[in-house]
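Below are the chains, spelled out letter by letter.
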Amino acid sequence: MPLRIDESQNVISRRLFLAGVSAMTLSACSTTRGPRPNVIQVDEPWATYYSAVYTEPFPIDGVDLRRIPQQFWRQEVPFDGDYAPGTIVINTTDKFLYLVHPGGSATRYGVGVGREEGLNFRGNAVIGRKAAWPRWTPTANMIRTQPDRYGPVAGGMEGGPTNPLGARALYLYRNGVDTHFRLHGTVEPWFIGTNVSSGCIRLINQDIIDLYNRVPVGTRVVVMS
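Residue numbering note: each chain is counted from 1, following its sequence as written. Where totals are concerned, whole chains, interfaces and linings use all residues; where local detail is concerned, this predicted model gives features only for residues with pLDDT of at least 70, and gives and counts side-chain atom pairs only at 80 or more. Hydrogens are left out, water is left out, and the side-chain values use all remaining heavy atoms of the structure.

A few points about the overall build of the protein
Phase 1 of the analysis: Going along the chain from the N terminus, every DSSP run of H or I of four or more residues is numbered as a helix, and every run of E of two or more is numbered as a strand. Counting its regular elements, the protein contains 4 helices and 13 strands.
Phase 2 of the analysis: Every one of the 225 residues in the protein was classed for burial, and the buried ones make up 44%.
Phase 3 of the analysis: In the protein, 65% of the contacts between residues at least 6 apart in sequence involve partners at least 24 apart.
Phase 4 of the analysis: Here the accessible surface of atoms and residues is derived via Shrake-Rupley with a 1.4 Å probe, and residues count as covered only by protein chains that are part of the display. Only carbon and sulfur atoms are counted for the fraction: they give 53% of the accessible area of the protein, which is about 11500 Å². Between buried and exposed lies partly exposed: a residue is buried under 20% and exposed over 50% of the maximum accessible area for its type, with that area taken using a 1.4 Å probe on protein chains only. Contacts were defined at the residue level, with two residues in contact if any of their heavy atoms lie within 4.5 Å.

If you want it as structure tokens, here you go:
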């Protein structure tokens, strides 16, 4: 059944400014982390959504929202679609991911999708596994087509602030088999809303953490274009 989204909303212009924050040098043995630069202050609720995070194993910088169009910021929107509450619905054309709520509403997140339409996953899946600060291994095809870039990490990369999967990953399974497509964070949030990935769905790190905390293993995922 086609997805029908009511996009009629009054968009209030938001003033955006950069809050200067001094960076502190962190000791390797320190258990506390000081502020990091590039924390962007905006009106609520986005000031809370996209501020820096220091409660994770690795610090997450605040997001420079000047580089991401406002329609791709996390927000509650009307939703008219024949999907049960709790379903994740992804529209790869519009670059939106919806977490469906009861009563005709959804939380909408901006996403980055495959560089080419043919790279994108389509259809139904379920979240078969969840991981915080996941390990990443490039696929054989990535290593074959871009050996200079991916050859040095062919054996995999542990989770951390430079890992391409970001702070969280949700693994899509179909009929009990890993599809090798994921919903995951990113080290390049300024590419949200664009065709940039090798087929997986990217979210801002703060957004994938929010989604990860809301959905259990077994959640239905529908991907359409």
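Re the pairing of strand E3 (residues 75-78)
Phase 1 of the analysis: Residues Gln75 and Val77 of E3 are buried on one face, while the alternating residues Glu76 and Pro78, pointing to the opposite face, are not.
Phase 2 of the analysis: Where E3 meets strand E6 (residues 105-110), 4 bridges bridge the pair, whose relative direction is antiparallel. By the bridge assignment for E6, Pro78 is matched with Ser105. Any two strands with at least two DSSP bridges between them are considered paired.

A look at the pattern of salt bridges
Two side chains of opposite charge can pair, provided their charged atoms sit close to one another.
Phase 1 of the analysis: A pair is scored as a salt bridge if a Lys or Arg side-chain nitrogen falls within 4 Å of a carboxyl oxygen belonging to Asp or Glu. Within the structure shown, the criterion is met by 8 salt bridges.
Phase 2 of the analysis: Residue Glu188 pairs with Arg202 through a salt bridge whose shortest N-O separation is 3.2 Å. Note that Glu188 is positioned in the loop between strand E10 (177-184) and strand E11 (195-197) and Arg202 in strand E12 (residues 201-202), a separation of 14 residues in sequence.
Phase 3 of the analysis: When its relative accessible area of 26% is taken as the criterion, Glu188 is described as partly exposed.
Phase 4 of the analysis: For Asp210, the salt bridge is made with Arg214, and the minimal N-O distance between the two is 2.9 Å. Of this pair, Asp210 and Arg214 both sit in helix H4 (residues 205-214), 4 residues apart, which is roughly one turn of that helix.
Phase 5 of the analysis: Judged by relative accessible area, which is 17%, Asp210 ranks as buried.

Some remarks on the side chain of Thr219
Phase 1 of the analysis: Summarising the element assignment, Thr219 is placed in the loop between H4 and strand E13 (220-224).
Phase 2 of the analysis: Judged by relative accessible area, Thr219 falls into the buried class, the value being 7%.
Phase 3 of the analysis: Those residues in contact with Thr219, other than ones at most four positions away along the chain, are Gly86, Ile88, Ala125, Val126 and Ile127.

Some thoughts on H4
Note that an α-helix has 3.6 residues per turn; residues three or four places apart therefore point the same way.
Phase 1 of the analysis: Counting buried positions along H4 gives 8 out of 10 residues, so the element sits mostly inside the fold.
Phase 2 of the analysis: By the burial criterion, the buried members of H4 are Asn205, Gln206, Asp207, Ile208, Ile209, Asp210, Leu211 and Tyr212.

Remarks on the side chain of Gln75
Phase 1 of the analysis: Tracing the chain through its elements places Gln75 in strand E3.
Phase 2 of the analysis: On the basis of relative accessible area, Gln75 is assigned to the buried category, the value being 16%.
Phase 3 of the analysis: A distance of 3.3 Å separates a polar side-chain atom of Gln75 from the backbone oxygen of Gln70. Counting of polar contacts relies on pairs of N or O atoms within 3.5 Å, with two restrictions inside protein: one atom must be capable of donating a hydrogen and the other of accepting it, and residues adjacent in sequence are counted only when both atoms are side-chain atoms.

Some details on the sheet that holds E3
Phase 1 of the analysis: An order of E3-E6-E5-E4-E13-E8-E9-E10-E12 is seen for the 9 strands of this open sheet, with the pairing classed as mixed. Strands with a single pairing partner mark the edges of an open sheet, and in this sheet they are E3 and E12.
Phase 2 of the analysis: The strands touched by H4 are E3, strand E4 (88-91), strand E5 (96-101), E6, strand E8 (123-132), strand E9 (168-174) and E10; relative to E9, the strand with the most contacts, the crossing angle is about 55°. An axis is simply a line fitted to the C-alpha atoms; with a helix, the fit covers only the stretch in contact. Between two such axes, the angle follows the N-to-C directions and lies from 0 to 180 degrees.

Examining the UniProt feature "active site" (unreviewed entry) in the protein
Phase 1 of the analysis: On the UniProt side, "active site" (unreviewed entry) is annotated at positions that read His184 and Cys200 here. A maximum C-alpha distance of 7.6 Å is found for the annotated residues, which run over 17 residues; spatially they form one tight group. The annotated residues contributing to the lining of the largest pocket are His184 and Cys200.
Phase 2 of the analysis: By secondary structure assignment, the location of His184 is in strand E10.
Phase 3 of the analysis: In this structure His184 comes out as buried when scored by relative accessible area, which is 5%.
Phase 4 of the analysis: With respect to the helices and strands, the residue Cys200 is situated in the loop between E11 and E12.
Phase 5 of the analysis: Looking at Cys200, the relative accessible area reads 16%, which means it is buried. UniProt positions are given in the numbering used here, feature names are shortened, and annotations may be inferred rather than shown by experiment. Computed over the protein atoms alone on a 1 Å grid, cavities are sets of points where a 1.4 Å probe fits but cannot get out and pockets are open sets with protein on both sides within 12 Å along at least five of seven lines; a residue lines them when it has an atom within 4 Å of a point.

What to know about unusual backbone geometry
Leaving glycine out, the prevailing phi sign among residues is negative, and the prevailing peptide bond configuration is trans.
Phase 1 of the analysis: Note that the residue after Glu44, namely Pro45, is joined by a cis bond; omega there is 5°.
Phase 2 of the analysis: Residue placement: Pro45 occurs in the loop between strand E2 (40-41) and helix H1 (46-49).
Phase 3 of the analysis: For Lys95, which is not a glycine, the phi torsion comes out positive at approximately 65°.
Phase 4 of the analysis: In this fold, Lys95 is placed in the loop between E4 and E5.

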